[in-house]
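Survey of secondary and tertiary structure
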Amino acid sequence: MLPGFKLTLGFTLFYLGLIVLIPLAAVFWKTTTLTWPQFWQTITMPTAMASYRLTFGASFLAALVNVIFGLIVAWVLVRYEFFGKKIVDALVDLPFALPTAVAGITLAALYSKTGWIGQLLEPLGIKAANTQLGIFIALTFIGLPFIVRTVQPILEDLDPELEEAASSLGANRWQVFWRVVLPMLTPALLTGFALAFARALGEYGSVIFIAGNIPMKTQITPVIIMGELDMFDYGKATAIAVVMLVVSFVLLLTINVLQWWTNRYNTNNLA
Amino acid sequence: MSVEVKNVTKKFGNFTALDNVSLKVESGELVALLGPSGSGKTTLLRTIAGLEFPDNTGEAQVLFYGEDVTQIPASERKAGFAFQHYALFRHMSVFENIAFGLRVRPKTTRPPENEIRARVEKLLKLIQLEPMAKRFPSQLSGGQRQRVALARALAVEPKVLLLDEPFGALDAKVRKELRRWLRQLHDEIHVTTLFVTHDQEEALEVSDRVAILRAGKIEQIGTPEEIYDRPASPFVYDFLGNVNLFSGRVKDGAMVIGGTEFATPDATGEKDSDAVAFVRPHDIRVTRQPLGPALPALVVRSNAAGPVANLQLKRQDSGEIFTVQLSKELFQELSPKPGEQVFVELKNVKIFSDDYSI
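What comes next concerns the included structure.

Brief notes about the overall build of chain B
Assigned secondary structure in chain B consists of nine helices and 21 strands. When its C-alpha atoms are laid out on the principal axes, chain B stretches across 80 × 50 × 35 Å. Contacts in chain B between residues at least 24 apart in sequence constitute 64% of all its contacts with a sequence separation of at least 6. Surface exposure of chain B reaches about 16,100 Å², of which carbon and sulfur atoms provide 49%.

Comments concerning the overall build of chain A
Assigned secondary structure in chain A consists of 13 helices and zero strands. The N-to-C order of helical and strand elements in chain A reads α-α-α-α-α-α-α-α-α-α-α-α-α. Once the C-alpha set of chain A is aligned to its principal axes, its extents read approximately 65 × 65 × 30 Å. Relative to its 271 residues, chain A shows a buried fraction of 42%.

Brief notes about the environment of A:Phe177
Looking at the secondary structure, you find A:Phe177 in helix H10 (residues 173–201). Residue contacts for A:Phe177: discarding those within four places in its chain leaves A:Leu71, A:Trp75, A:Leu182 and A:Pro183.

A closer look at the interface of chain B and chain A
Counting from both sides, the interface comprises 25 residues of chain B and, opposite them, 23 residues of chain A. Carbon and sulfur atoms make up 59% of the area that chain B and chain A hide from each other, which totals about 2,300 Å². The salt bridge partner of B:Arg46 is A:Glu164, with a shortest N-O separation of 2.7 Å. At the junction of chain B with chain A, the criterion picks out four residue pairs in polar contact (both at pLDDT 80 or more). With three residues, the top contributor of residues to the side of chain B that touches chain A is helix H2 (residues 94–103) of chain B. A class-by-class count of the residues in the side of chain B that touches chain A yields 14 nonpolar, six polar and five charged.

Some remarks on the packing of helix H4 (residues 142–155) of chain B against helix H5 (residues 172–189) of chain B
All names here are of chain B. Interhelical geometry of H4 versus H5 gives an angle of 20 degrees and a closest axis separation of 11 Å. The orientation of H4 with respect to H5, classified from their angle, is roughly parallel. Judged by the sense of rotation from one axis to the other, the crossing of H4 with H5 is right-handed. In this structure, H4 contributes Gly-143, Gln-146, Arg-147, Leu-150 and Leu-154 to the contact, and H5 contributes Val-174, Leu-178, Trp-181, Leu-182, Leu-185 and Ile-189. When its residues are assigned to classes, the contact of H4 with H5 shows eight nonpolar, two polar and one charged.

Remarks on the side chain of B:Asp199
Residue and element names in this part refer to chain B. Here Asp-199 is to be found in the loop between strand E8 (193–197) and helix H6 (200–206). Within the structure, the side chain of Asp-199 is placed 3.0 Å from the backbone nitrogen of Glu-201, a separation counted as a polar contact. Those residues within four positions of Asp-199 in sequence are excluded, and the remaining contacts are Leu-34, Arg-175 and Arg-179.

As for the packing of aromatic side chains
All names here are of chain A. In the structure shown here, the tally under the stated rule is 16 aromatic pairs over all chains. Look at Phe-60 and Phe-197: their rings are 6.0 Å apart centre to centre, the planes differ by 90 degrees, and that puts the pair in the edge-to-face class. Of this pair, Phe-60 sits in helix H3 (residues 46–79) while Phe-197 sits in helix H10, and the two are 137 residues apart along the sequence. The class for Phe-60 is partly exposed, based on a relative accessible area of 39%. Looking at Phe-197, the relative accessible area reads 2%, which means it is buried.

Re the pairing of strand E16 (residues 295–303) of chain B
Residues and elements named next belong to chain B. The pairing of E16 with strand E19 (residues 341–346) spans four bridges and is antiparallel. Following the sheet pairing, Pro-296 is matched in E19 by Phe-343. Where E16 and strand E17 (residues 308–315) come together, six bridges link them in antiparallel fashion. Note on E17: the bridge partner recorded for Arg-301 is Gln-312. Taking the residues between adjacent antiparallel strands as the criterion, E16 and E17 are bridged by four residues, where Gly-306 takes a positive phi near 100 degrees.

Things to note about the environment of B:Arg90
All names here are of chain B. By secondary structure assignment, the location of Arg-90 is in the loop between strand E6 (79–82) and H2. For Arg-90, a relative accessible area of 37% gives the class partly exposed. Put simply, Arg-90 and Ala-17 are 73 residues apart on the chain and 31 Å apart in space, counted from C-alpha to C-alpha.

So, the nonpolar core
The biggest cluster of nonpolar side chains holds 84 residues, and the ones touching the most others in it are B:Leu33, B:Leu44, B:Phe100, B:Leu162 and B:Leu194. Ranked by residues supplied to this core, first place goes to H10(A) with 14 residues. Dropping the residues within four chain positions of it, B:Leu162 is found in contact with B:Leu45, B:Ile48, B:Ala49, B:Ala79, B:Gly80, B:Phe81, B:Ala82 and B:Leu194. Residues B:Leu129, B:Ala155, B:Val210 and B:Leu240 belong to the second largest nonpolar core, which totals 46 residues.

Some thoughts on the sheet that holds E17(B)
Residues and elements named next belong to chain B. Reading across the sheet, the five strands line up as E15-E19-E16-E17-E18 and stay open at both edges, with antiparallel pairing between neighbours. Either end of the sheet is taken by a strand with one partner, and the two such strands are strand E15 (284–287) and strand E18 (321–327). For this sheet the average axis-to-axis angle between neighbouring strands, irrespective of direction, equals 45 degrees.

A short note on the side chain of B:Arg280
All names here are of chain B. By secondary structure assignment, the location of Arg-280 is in the loop between strand E14 (273–279) and E15. Here Arg-280 occupies a buried position and makes no salt bridge, while the nearest side chain of opposite charge, Asp-283, is found at 6.0 Å. A polar contact of 3.3 Å, which involves the side chain of Arg-280, links it to the backbone oxygen of Asn-242. When residues no more than four places from it in sequence are discounted, the contact partners of Arg-280 are Tyr-228, Tyr-237, Leu-240, Gly-241, Asn-242, Val-243 and Asn-244.

Comments concerning the packing of H3(A) against helix H8 (residues 132–157) of chain A
All names here are of chain A. Interhelical geometry of H3 versus H8 gives an angle of 40 degrees and a closest axis separation of 5 Å. By the angle between their directions, the pair H3 and H8 is classed as oblique. Our pair here, H3 against H8, has a crossing hand that is right-handed. Its residues placed into classes, the contact of H3 with H8 shows 21 nonpolar, seven polar and two charged.

Things to note about the pairing of strand E2 (residues 15–26) of chain B
All names here are of chain B. Pairing analysis gives eight bridges linking strand E1 (residues 2–12) to E2, with the strands arranged antiparallel. Across the sheet, Ser-2 pairs through a bridge with Glu-26, a residue of E2. Counted between consecutive antiparallel strands, the loop separating E1 from E2 contains two residues, among which Gly-13 sits at a positive phi close to 65 degrees.

So, the environment of B:Gln61
Residue and element names in this part refer to chain B. Considering the arrangement of structural elements, one finds Gln-61 in strand E4 (residues 61–64). A relative accessible area of 25% means that Gln-61 is categorised as partly exposed. Separated by 32 residues in the primary sequence, Gln-61 and Ser-93 have C-alpha atoms spaced 37 Å apart. Setting aside chain neighbours within four positions, we find Gln-61 in contact with Glu-4, Val-5, Lys-6, Val-8, Asp-68 and Thr-70. Engagement of the side chain of Gln-61 in a polar contact is seen with the side chain of Asp-68, the distance being 3.1 Å.

Reading guide: rules and limits
Residues numbered from 1 in each chain as written. Chains lettered and ligands numbered in written order. Predicted model: local features only at pLDDT ≥ 70, side-chain atom pairs only at ≥ 80, totals over all residues. Heavy atoms only, no water. Helix = DSSP H or I, 4+ residues; strand = E, 2+ residues; numbered from the N terminus. Contact = heavy atoms within 4.5 Å. Areas by Shrake-Rupley, 256 points an atom, 1.4 Å probe, with all protein chains shown as cover. Buried < 20%, exposed > 50% of the residue type's maximum accessible area, 1.4 Å probe, protein only. Buried area = accessible area lost by both parts, 1.4 Å probe. Salt bridge = Lys/Arg side-chain N within 4 Å of Asp/Glu carboxyl O. Polar contact = N/O pair within 3.5 Å; in protein donor to acceptor, adjacent residues only side chain to side chain. Nonpolar A, V, L, I, M, F, W, Y, C, P; charged D, E, K, R; others polar. Axes fitted to C-alpha atoms, helices over the stretch in contact; angles between N-to-C directions. Parallel < 35°, antiparallel > 145°, perpendicular 65-115°, else oblique. Left-handed = near helix turned anticlockwise from the far one by under 90°. Phe/Tyr/Trp six-rings, centres within 6.5 Å; stacked < 30°, edge-to-face > 60°. Pairing = 2+ DSSP bridges. Core = buried A, V, L, I, M, F, W, Y, C linked by side-chain atoms within 4.5 Å. Lys, Arg positive; Asp, Glu negative; His and termini not counted.

Here it is, written out as structure tokens:
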């Protein structure tokens, strides 16, 4: 065994405990200030229920849309040479780098009735500001880099001989993509999806400005938690946080299992 | 009936990979494309497969049994291609890899599921990997992977089988086993086959004919014997094995090396000129006393490890070093020590002057 095992393992456990486990445990512990009926009533109140549906639904849809369009962006960046490719490549990271509040204000301004994009949508009868559509737009915006940056390296490493082999065996271009390229990218797409989804679930800054935060309609769960905190009701706030935490954990675990399953061919154990 | 390329030229930037190459492979033949790296052999193979297209459209032609396929893409050519690094589909089992070519066929020509199954199983038997059908490529050894790649290419019943350095990524022992197996396989199924290699031993052992490429041109094509015994150029001679060069002068019917005249019937009628004699290490006889026309030389080093003994000698007149191969018995009889004088006789002398063969 490599020397330093005990020291580094000790450090790892301490660090993870300090940074991750203790805060998470505190959420659960704080919740215990509520009684069971209080807890249940808090997490099932109509505004909270509506917010779960909105948060998880919009995050899921946004991540899904990003899987499709992020894959296309990654594909273009890897497979083609064009003028300004470096700039486009750098642009992808912008949603990462931008402070979420800046993104939120920008989106809200763009999509408001008088904004550049909002005024074009208005005659079509589409309203983005203060609607669930606006939330979906914001979550799509912040999620894009996760897909592109996880798929890009895998796509770059994909051996062109695989595609050549497939076409020499008679596969047309669509079959090459569908049967050879896509399956190889699936684990990376799932990872990107999980990251974008997780990020969208916790998103606050970029959403609140465009959402309008109308209870039952455009109020995301983090806003509800924030609202409870504003009233110094820590117990209620953490109760809803616990719901977010548990559901997110279960969803991410599911995605991880799925990812392991799609990647099972990379193992070397003789089955 | 043949697979044929005519006047193919292909450039990559400034680099000419193929320079007006023509080649004809008869039906059922096994032909090796042999050459150093950068000689264009892989590009030629890829052009036949439809993975590269000639630059000189209009002039260049690729013909499969008379049918012009020059402009037809790889997916419609029915040329089985096996890559050096196998290019197996990692996410599919061995079975599904082999079945791939059948499954992607349009509905009208796709065989029914039970027929696909039967065909794949037959191929698995042919490559002796029946128990591995359910494994993924990552669970196979290199030699097994290459056999799967071969079966996958054969599954579509290709008009021609193209193998790009099929044993290049394998270790020496597996390499030898697999190339014998390839020859056996070819004798069984007789599919027209071209394979690329840079290993002369492999090319000479396995193929019916060998085409030697150099800088985008075919230098010589012929049976292994023809190529080995009657090389058309110093390049071919040198490429096909160890060789010693003796510079001297050629004149009518003889070659003069270091004052000694060796009779060379090939050179009958030649004018007096400078020339280089090519002699294989095993075509040199070493003796203590000159028995006929012989060249004096000094022993530099000897090495008797392995099935034959190697002797390094130095010409006494010019100081040029050359190697001699001799049997263990002769070596023990001679028991040469470094610094001792010996005499060498040259057999099967091949003379080239200014890069052309006499």
